[in-house]
Amino acid sequence: MTTGEIAQMLGGTLVGDGGVIIRGMAKIESAGPSDLSFVANVKYLAHLETTRAGAVLVAPGVKAPTCTAIEVNDPYFSFLLLLERFHPRTVWLDPGVHPTAVVAPDARLGENVSIGAFSYVGPRSVVGAGTQIFPHAVIGADVQIGDHCEIHSHTSLREGVRLGNRVVVQDGAVIGSDGFGFAPTPDGYRKVPQLGVVQIADDVEIGANTTIDRATLGETTIGRGTKLDNLIQVAHNVTIGTDTVIAAQTGISGSAHIGDRCQIGGQAGIVGHVKIGNRVGIAAKAGVPGNIGDDEIYSGTPARPHALWKRIEASLTRLPDLFKRVRELEMAVMEKKPRDKATS
Amino acid sequence: MTTGEIAQMLGGTLVGDGGVIIRGMAKIESAGPSDLSFVANVKYLAHLETTRAGAVLVAPGVKAPTCTAIEVNDPYFSFLLLLERFHPRTVWLDPGVHPTAVVAPDARLGENVSIGAFSYVGPRSVVGAGTQIFPHAVIGADVQIGDHCEIHSHTSLREGVRLGNRVVVQDGAVIGSDGFGFAPTPDGYRKVPQLGVVQIADDVEIGANTTIDRATLGETTIGRGTKLDNLIQVAHNVTIGTDTVIAAQTGISGSAHIGDRCQIGGQAGIVGHVKIGNRVGIAAKAGVPGNIGDDEIYSGTPARPHALWKRIEASLTRLPDLFKRVRELEMAVMEKKPRDKATS
Amino acid sequence: MTTGEIAQMLGGTLVGDGGVIIRGMAKIESAGPSDLSFVANVKYLAHLETTRAGAVLVAPGVKAPTCTAIEVNDPYFSFLLLLERFHPRTVWLDPGVHPTAVVAPDARLGENVSIGAFSYVGPRSVVGAGTQIFPHAVIGADVQIGDHCEIHSHTSLREGVRLGNRVVVQDGAVIGSDGFGFAPTPDGYRKVPQLGVVQIADDVEIGANTTIDRATLGETTIGRGTKLDNLIQVAHNVTIGTDTVIAAQTGISGSAHIGDRCQIGGQAGIVGHVKIGNRVGIAAKAGVPGNIGDDEIYSGTPARPHALWKRIEASLTRLPDLFKRVRELEMAVMEKKPRDKATS
């Protein structure tokens, strides 16, 4: 495709040569003369001075001195559209059931299912049409998997777990492990039976080595369109709403309720039994000790409203100096009379 | 069973109708007319006004306006006792060795062992009576597993690891990976051989995708009855005592020693070579830089005694205001003479 | 060997009996009369008073009252040299391809490769000479593995991943999972194709259950000699230099660049798109929000230069007291005139 054709397809404005032939897509630092690239983040604007790309997608008004620019409202999203067109998602897995796979006689497989080497599908489980199960997945008993899902290697879908359609589970994720429930007794802890399940709605993605515990009773639920990154912990009886995005290594304690369209940074922690509203932002590494209402942004540990947290953080840098200032004031006011505490 | 029979069995006090027939157990929010539920946490007291449960277990004096109440000293523990009775723990795994499993000729299996599809038991390893090994577990060479253990899918029990009786290992856990030991040399880091093992005592539970490294020399040890949640890191040569409970995503660095009956929150971190006493509480997300004596409670990063940490945390919220107050004092005392630093 | 022979081999100074026969190596706490031990960390000096070891390696001038001492410049490194000599690294895996393993017809295996039970090697993948693949590893399509690597059980090496020589991957690690890229649209998040790969250089070690995402475009790269501990998250398009050491549970966000010879503590977090220089130290649990230049040491969240952070931390302990002092000053200066805010 030429830069002119691409500009037309995206409804963008061409600035420069419309005849440059584009054969691939690449990052701004490594793009060559037949690559299209993009700049969406201001941190990368400087690369426009030196890029060898054939063309770049930019926001309106951004200059690209070395190549053709195509101005679009959202360069990253336009890049994504083209990426899907230039590089359609393909999979190397063969269709059908690999001869080494074990599928229980009473399991039901939909049309066009791929099941990789050594994968295991347990009694009474159901795998929907077009779903791909990579080598070494373990689907326990009574599991339901919808249509067009992608279940990667070494995932464990434990007994009774239910997945909607188009769910992607990255390698090594565990869905349905026992919740962490132990009752103290005079003779030590006693395991609380974990009798519930995990219910995952359509269009959810679960990251590599993430763990989602089954409910003690009832369900641990992940709502439609929600995306979980790698190494996340979701404890028993947690409820997560729709279209919420959670970054890697975050932990959500038992029975917490998280709303819709939230954005939660990496390594955050949320204590048990709290209620997080809709469209809430939680910063990376924040530790959330209580409820948060809709549309709030929280940061820090213990998490505070972001604006307050920023003021505190700014104060901290000047805190050692504040001690000096108070000491000077004391000297001035108290006329050098000795204080109880010498260390100030 | 009727509510009257349950009250008698638990030694509790019946408040209301003793003839309600109970067929199952459920959470207070979702319980129906033939379900028994419970309220142990004050956060859930409000549900008593609206629950549709047939009966609830409550602490003495707590009112249940909509249904029969059974007053007991510990509603959660009583609920647990009944849960075990109504829903005995069952497993879907078939008895015996699955035809696809590989068991080394010199491995020894106890009576009534179940070994799932594709599981591997290495040379000279021993599996005790009644132990269940789910599909896709890997037991390396010279591993010892006691009686009545539950080893879930995708676990790795590396060479030489030893497990006691009734140990539960959730999916994807790794026990016996190499410790993280590298000696700096002028040519880069050089791997320190990790020659030790991991020793896990009776009644321990290890969470999903948790990792426990082998010792460099000697043993990494987890004491009787200790429970580890998901995604925990236990480094080489760590010692953890008995009946200690550690929540998800906590990390314990090399050669740390943790005592008995400790409670450690999620995402906590403990540096290497420290000694944590018995019955110590460590708050979620705390970062412990040094030793802690018996019966202490620590919070924050770096961790401080909990009472001190709370005072500091309370002060922080008022810190930006303190800067204003000091500035006002300076204006009053110094009679507006200019300071060096304009930003205050 | 005798203590005299060992002292000579290490070029050390013998203090005491040169005729003690050493048969093994052990930790200072558990060493017996025919064991050699060492003390490198001052925390362990007290053990020298009571050790039952036959001999100890110590720094010059350190006294060992109970046994023969061998003084060397770096006791830990000397211990390591001997450890490798007394306990050469061995592996229990049989040579050759296990009959249950599945190797794609067009995969290529080098000489002396070991492939364990149930392992899977996908289409067009290459495994270098002397590489050991333990049971239950999954090597996807088009993967390249160099010579003398160690790939442990339950690892996933996803399609297109490339490993150099002598790379060690501990159990359960995932290399090449999809990057966490989703573009917001009015209908929810839309998955960004993750088309890049992961490139791992020679002599790298990857810890158990660590996850390394493939690049969106291009490569996620880990440089020569770099060592990653367990449960680490490396996001898409991250670049890590050579000989950098990263402790467990640290997370590195997308497109971050980390230099050579850095040392990063456990549970640290690094935000996306930042540049960390060479020889940078980042403390455990630090949260790094921006770029860091060469040779800096940062601590805390948000991370600050270590010296500043230490001053702030020291101030915090005295912060509650500072409030009291300011209140006293206000009383003195303002002559008890009422303030707006009663809470001080």
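Located above this text is the structure these notes cover.
Residues numbered from 1 in each chain as written. Chains lettered and ligands numbered in written order. Predicted model: local features only at pLDDT ≥ 70, side-chain atom pairs only at ≥ 80, totals over all residues. Heavy atoms only, no water.

Peer 1: Kindly report on the overall build of chain A, identifying the contributing residues and their values.
Peer 2: For chain A, the helix and strand inventory stands at 4 helices and 38 strands. Against the compact-globule benchmark of 20 Å for 344 residues, chain A has a radius of gyration of 27 Å, which places it well outside the compact range. Its C-alpha atoms give chain A principal-axis dimensions of about 90 × 75 × 30 Å. Split into buried and exposed, the 344 residues of chain A put 59% on the buried side. Put simply, 17% of the contacts in chain A that link residues at least 6 apart link residues at least 24 apart. Taken as a whole, chain A presents about 13200 Å² of accessible surface, with 52% of it coming from carbon and sulfur. (Helix = DSSP H or I, 4+ residues; strand = E, 2+ residues; numbered from the N terminus. Rg over C-alpha atoms; globule rule 2.2 N^0.38 Å. Buried < 20%, exposed > 50% of the residue type's maximum accessible area, 1.4 Å probe, protein only. Contact = heavy atoms within 4.5 Å. Areas by Shrake-Rupley, 256 points an atom, 1.4 Å probe, with all protein chains shown as cover.)

Peer 1: Mind laying out the environment of Val-271 of chain A, listing which residues take part and the relevant values?
Peer 2: As for its placement among the helices and strands, Val-271 of chain A is situated in the loop between β33 (269–270) and β34 (275–276). Filtering out sequence-adjacent residues up to four positions away, Val-271 of chain A remains in contact with Ser-253, Ala-256, Val-288 and Pro-289 of chain A.

Peer 1: With reference to specific residues and values, describe the relation of the copies chain C and chain B.
Peer 2: Rotating chain C by 120° and moving it 0.0 Å along the rotation axis overlays it on chain B with an RMSD of 0.1 Å. What the superposition gives is, in effect, a three-fold axis relating one chain to the other. (Least-squares fit on C-alpha atoms with pLDDT ≥ 70 in both.)

Peer 1: Now, about the interface of chain C and chain B: what can you tell me, with residues and values included?
Peer 2: Often, the extent of an interface is quoted as the loss of accessible area on bringing the components together. With 64 residues of chain C at the interface, the matching set in chain B holds 72 residues. Of the roughly 5500 Å² buried between chain C and chain B, counting both surfaces, carbon and sulfur atoms make up 63%. Remark: the boundary between chain C and chain B carries 4 salt bridges. Arg-304 of chain B serves as the salt-bridge partner of Glu-313 of chain C, at 3.1 Å between the closest nitrogen and oxygen. Put simply, chain C and chain B have 29 residue pairs in polar contact (both at pLDDT 80 or more) between them. Among the secondary structure elements, those contributing two or more residues to the side of chain C that touches chain B are α2 (75–86), β26 (227–228), β29 (245–246), α3 (306–317) and α4 (319–334) of chain C. (Buried area = accessible area lost by both parts, 1.4 Å probe. Salt bridge = Lys/Arg side-chain N within 4 Å of Asp/Glu carboxyl O. Polar contact = N/O pair within 3.5 Å; in protein donor to acceptor, adjacent residues only side chain to side chain.)

Peer 1: An account of the pattern of salt bridges is requested, with residue identities and associated values reported.
Peer 2: Applying the stated criterion across every chain yields a total of 50 salt bridges over all chains. The structure contains a network of salt bridges with shared partners spanning Arg-158, Glu-159, Asp-178, Lys-191 and Arg-214 of chain A together with Asp-171 and Glu-205 of chain B.

Peer 1: Run through the side chain of Thr-220 of chain A, naming residues and quoting values.
Peer 2: All names here are of chain A. With respect to the helices and strands, Thr-220 occurs in strand β25 (residues 219–222). The exposure class assigned to Thr-220 is buried, which follows from its relative accessible area of 0%. In this structure the side chain of Thr-220 is engaged in a polar contact, spanning 2.8 Å, whose partner is the backbone oxygen of Asp-213. If sequence neighbours within four positions are ignored, Thr-220 has contacts with Val-197, Val-198, Gln-199, Ile-212, Asp-213, Arg-214, Ala-215, Val-234, Ala-235, His-236, Asn-237 and Val-238.

Peer 1: So what's going on with the sheet that holds strand β6 (residues 96–97) of chain A? Which residues, and what values?
Peer 2: Residues and elements named next belong to chain A. Strands sit in the order β6-β9-β12-β15-β18-β23-β26-β29-β32-β35-β37-β38 across an open sheet of 12 strands; the sheet is mixed. Here the strands that pair on one side only, and so sit at the sheet edges, are β6 and β38 (304–305). Here 2 bridges tie strand β29 (residues 245–246) to strand β32 (residues 263–264), and the two strands are oriented parallel to one another. The residue bridging Ile-246 from the neighbouring strand is Ile-264, located in β32. (Pairing = 2+ DSSP bridges.)

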